[in-house]
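Remarks on the overall topology
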Amino acid sequence: MQLSQRIQQLTPSLTLAIDAKAKELQRQGADVVNLGAGEPDFDTPAPVVEAAHQAALAGKTKYTPTAGIPELRSAIAARVSKTHGIAVDAAEIVVSNGAKQALYNALQAVVNPGDDVLVFAPYWVSYPDMIALAGGRMVPVAVHEGSFEPNLAALEESCTARTRGLILNSPTNPTGAVYSRETIEAIVDFARRKDLWILSDEMYELLVYDGAKHVSPSQIGAEGRARTLMASGFSKSFAMTGWRCGYLVAPKQVASAVATLQGQMTTNVNTPTQWAALAALDLDDSVMGAMVKEFGERRRLLVRGMSEILRGRAPVHEPRGAFYLMQDVRPFLGKRFRDRPLRDDRELGEALLDSALVATVPGSAFAAPGFIRLSYATSRENLQKAVARMGAFLNELA
Ligand SMILES: Cc1ncc(COP(=O)(O)O)c(C=O)c1O
């Protein structure tokens, strides 16, 4: 009995594998600090939980329209119109099981077998497999070392007659980069010249620090607006990862095609979850503001801690958005920890977990060999503990 070729080409997510290993060690009683997870440690705000509870009690437990309850689609449209300063209609919104399904749907809707999709590397682990499932081919495009901003010359060189679109993710997982307005404008201009779709993954749009500003390609004139398929959701910004609610904002024709696809696949998002998401959009800005402020403090603490333990042996690139720090560990590769060779970022990450009990994700998972990704979506106490342990680990390298 054979599995399909489609399934055989998939790679299991390394981030989930590391998270599972860290949790297994914790289950066995080890005091692991988990900087691997891409998940806020905050509780979902109480009014959101209450809204789901009330919805279920009120019998809002039936199928809804596939694209979402009209109230939620309208509220999302109103919010995006306000945050992005563009006019968005409820008919352009499809509510999905997380931004993950929104991205999957969008790729299925616009990519033909044999098409190329450009993706800036380092990139989020799911893009290559999602593109492959649509029959497309991912073409990685370099970013500038240090700033992690897209290399626009490399973008031009990567484009061929087969190129159908590009994926943009700012603020970025895994680097924490927030692309400048000039970069976004240049990318929209490129998409216009080459007649491409821009799939803009804006999952971390609210998580920006130190005055950094999130700019969406949909805000760059009529061309940017018409070419952008925008995915976002409630997981990271509202501490709602397990609720599974995200959305796509797309031109009506694409949104309608996506709703048809979703109607043959998963139908609507869990009904009480949709009412919960509606309540999330109604929260006072101060609730989110407090979470963003705390992430900002943690970021400062981690950047300072890493700079102190590294003492110039490797650069620390300060992230400006999301909740990740991409740490260059190339100067340590080729060394040994006790008797263990650290030939690459995977071996270094494994040794760090086994011996120092700090879980991180090797950069190779994101096409960034020689780096490790540290998530600061954990308490300040955990971050301090992790930094101290990493410092002791690095000092033992020979
Ligand atoms: C860049 C990026 N996009 C999309 C997602 C998907 O989030 P969700 O499906 O929980 O909405 C994630 C989650 O880790 C992410 O990091």
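This text follows the structure it describes.
Let me begin by describing the structure that accompanies this report.

Parameters and conventions
Residues numbered from 1 in each chain as written. Predicted model: local features only at pLDDT ≥ 70, side-chain atom pairs only at ≥ 80, totals over all residues. Heavy atoms only, no water. Helix = DSSP H or I, 4+ residues; strand = E, 2+ residues; numbered from the N terminus. Rg over C-alpha atoms; globule rule 2.2 N^0.38 Å. Buried < 20%, exposed > 50% of the residue type's maximum accessible area, 1.4 Å probe, protein only. Contact = heavy atoms within 4.5 Å. Areas by Shrake-Rupley, 256 points an atom, 1.4 Å probe, with all protein chains shown as cover. Lys, Arg positive; Asp, Glu negative; His and termini not counted. Charge placed at Lys NZ, Arg CZ, Asp CG, Glu CD. Pairing = 2+ DSSP bridges. Axes fitted to C-alpha atoms, helices over the stretch in contact; angles between N-to-C directions. Near = heavy atom within 4 Å. Polar contact = N/O pair within 3.5 Å; in protein donor to acceptor, adjacent residues only side chain to side chain. 1 Å grid on protein atoms, 1.4 Å probe; cavity = no way out; pocket = protein on both sides within 12 Å on 5 of 7 lines; lining within 4 Å. Points joined across faces, edges and corners; volume = space filled by probe spheres on them. Nonpolar A, V, L, I, M, F, W, Y, C, P; charged D, E, K, R; others polar. Patch = residues over 30% accessible without salt bridge, like charges linked within 9 Å, V, L, I, M, F, W, Y side chains within 5 Å. Salt bridge = Lys/Arg side-chain N within 4 Å of Asp/Glu carboxyl O. Phe/Tyr/Trp six-rings, centres within 6.5 Å; stacked < 30°, edge-to-face > 60°. Left-handed = near helix turned anticlockwise from the far one by under 90°.

1. Here's the deal with the overall build of the protein
The helix and strand tally for the protein stands at 14 helices and 14 strands. At 21 Å, the protein has a C-alpha radius of gyration in line with the 21 Å of a compact globule built from 398 residues. A principal-axis box enclosing the C-alpha atoms of the protein has dimensions of 60 × 55 × 55 Å. Expressed as a percentage of the 398 residues in the protein, the buried residues total 55%. Considering only intrachain contacts with a sequence separation of at least 6, the fraction spanning at least 24 residues in the protein is 74%. As displayed, the protein has an accessible area near 16,900 Å², and 52% of this comes from carbon and sulfur atoms. In the protein, 42 side chains carry a positive charge and 42 a negative one; their mean positions are 2 Å apart.

2. Looking at the sheet that holds strand β5 (residues 163–168)
On the basis of which strands lie adjacent, the open sheet formed by 7 strands has the order β2-β8-β7-β6-β5-β3-β4 and mixed pairing. Each edge of the sheet is formed by a strand with only one pairing partner; in this case those strands are β2 (93–96) and β4 (137–141). Neighbouring strand axes in the sheet, compared pairwise and without regard to direction, differ in orientation by 20 degrees on average. Relative to strand β8 (residues 246–249), β2 runs antiparallel, the two sharing 4 bridges. Its bridge partner being in β8, V94 is matched across the sheet by L248. On the sheet, helix α4 (residues 70–84) packs against β2, β7 (228–233) and β8 and is oriented at approximately 115 degrees with respect to β2. Strand contacts of helix α5 (residues 98–110): β2, β5, β6 (197–201), β7 and β8, with the helix running at about 160 degrees to β7, the strand carrying the most contacts.

3. Description of the pairing of strand β14 (residues 371–375)
Of all 5 residues that make up β14, 5 are buried, and the element is covered over most of its length. Residues F371, R373 and S375 point to one face of β14 and I372 and L374 to the other, with burial holding for every one of them. With 5 bridges connecting them, strand β9 (residues 324–328) and β14 associate as antiparallel partners. Note that in β14 the partner of Q327 across the bridge is I372. Pairing geometry for strand β13 (residues 361–362) and β14, over 2 bridges, is antiparallel. Opposite P362, over in β14, you have I372 as the bridge partner.

4. Some remarks on the site of the ligand
Not every one of the 13 residues close to the ligand is listed here, only the nearest: A99, D201, S235, K236 and R244. At a separation of 3.0 Å, an oxygen atom of the ligand approaches a polar backbone atom of K100. Here a nitrogen atom of the ligand sits 2.6 Å away from a polar atom, N or O, in the side chain of D201. Surface burial for the ligand is 92%, taken as the share of its 400 Å² of free accessible area covered by protein chains.

5. Structural notes on unusual backbone geometry
At the junction of A121 and P122, the peptide bond is cis and its omega measures out at 5 degrees in the coordinates. Among the structural elements, P122 can be located in the loop between β3 (116–120) and α6 (127–133). A cis amide bond links S170 to the next residue, P171, at an omega of -10 degrees. Its location among the elements puts P171 in the loop between β5 and α8 (181–194). With a phi angle near 60 degrees, F148 is a residue other than glycine that sits in the positive phi range. Among the structural elements, F148 can be located in the loop between β4 and α7 (152–158). Overall, the relative accessible area of 8% leaves F148 in the buried class.

6. Points about empty space enclosed by the protein
Counted according to the given criterion, the structure contains 5 cavities of 30 Å³ or more. There is about 120 Å³ of room inside the largest cavity. Along its surface, the largest cavity is lined by 14 residues, and R79, E205, S232, F238 and Y247 are the ones closest to its centre. Within the residue set of the lining of the largest cavity, elements represented by two or more residues are α4 and β7. Ranked by the residues each element gives to the lining of the largest cavity, the list is headed by α4, at 5 residues. Residue composition of the lining of the largest cavity, by class: 7 nonpolar, 5 polar and 2 charged.

7. Considerations on a nonpolar patch on the surface
Nonpolar side chains collect at one region of the surface, where L3, I7 and L10 lie side by side and expose about 270 Å² of accessible area between them. Along the polypeptide, L10 turns up in the loop between α1 (5–8) and α2 (14–27).

8. A few points about the packing of aromatic side chains
Tallied over the entire structure, the rule returns 12 aromatic pairs. When the centroid spacing of 5.5 Å and the interplanar angle of 40 degrees are considered together, the rings of F234 and F238 count as tilted. For F234, a relative accessible area of 1% corresponds to the buried category. Relative to F393, the ring of F337 lies with its centre 4.5 Å away and its plane at 25 degrees, an arrangement referred to as stacked.

9. Points about the packing of helix α3 (residues 46–57) against helix α11 (residues 271–281)
Relative to each other, α3 and α11 sit at 140 degrees, their axes nearing to 8 Å. The way α3 lies across α11 gives a crossing that is right-handed. Along its contact with α3, which presents P47, V48, A51, A52, A55 and A56, the element α11 presents P272, W275, A276, A279 and A280.

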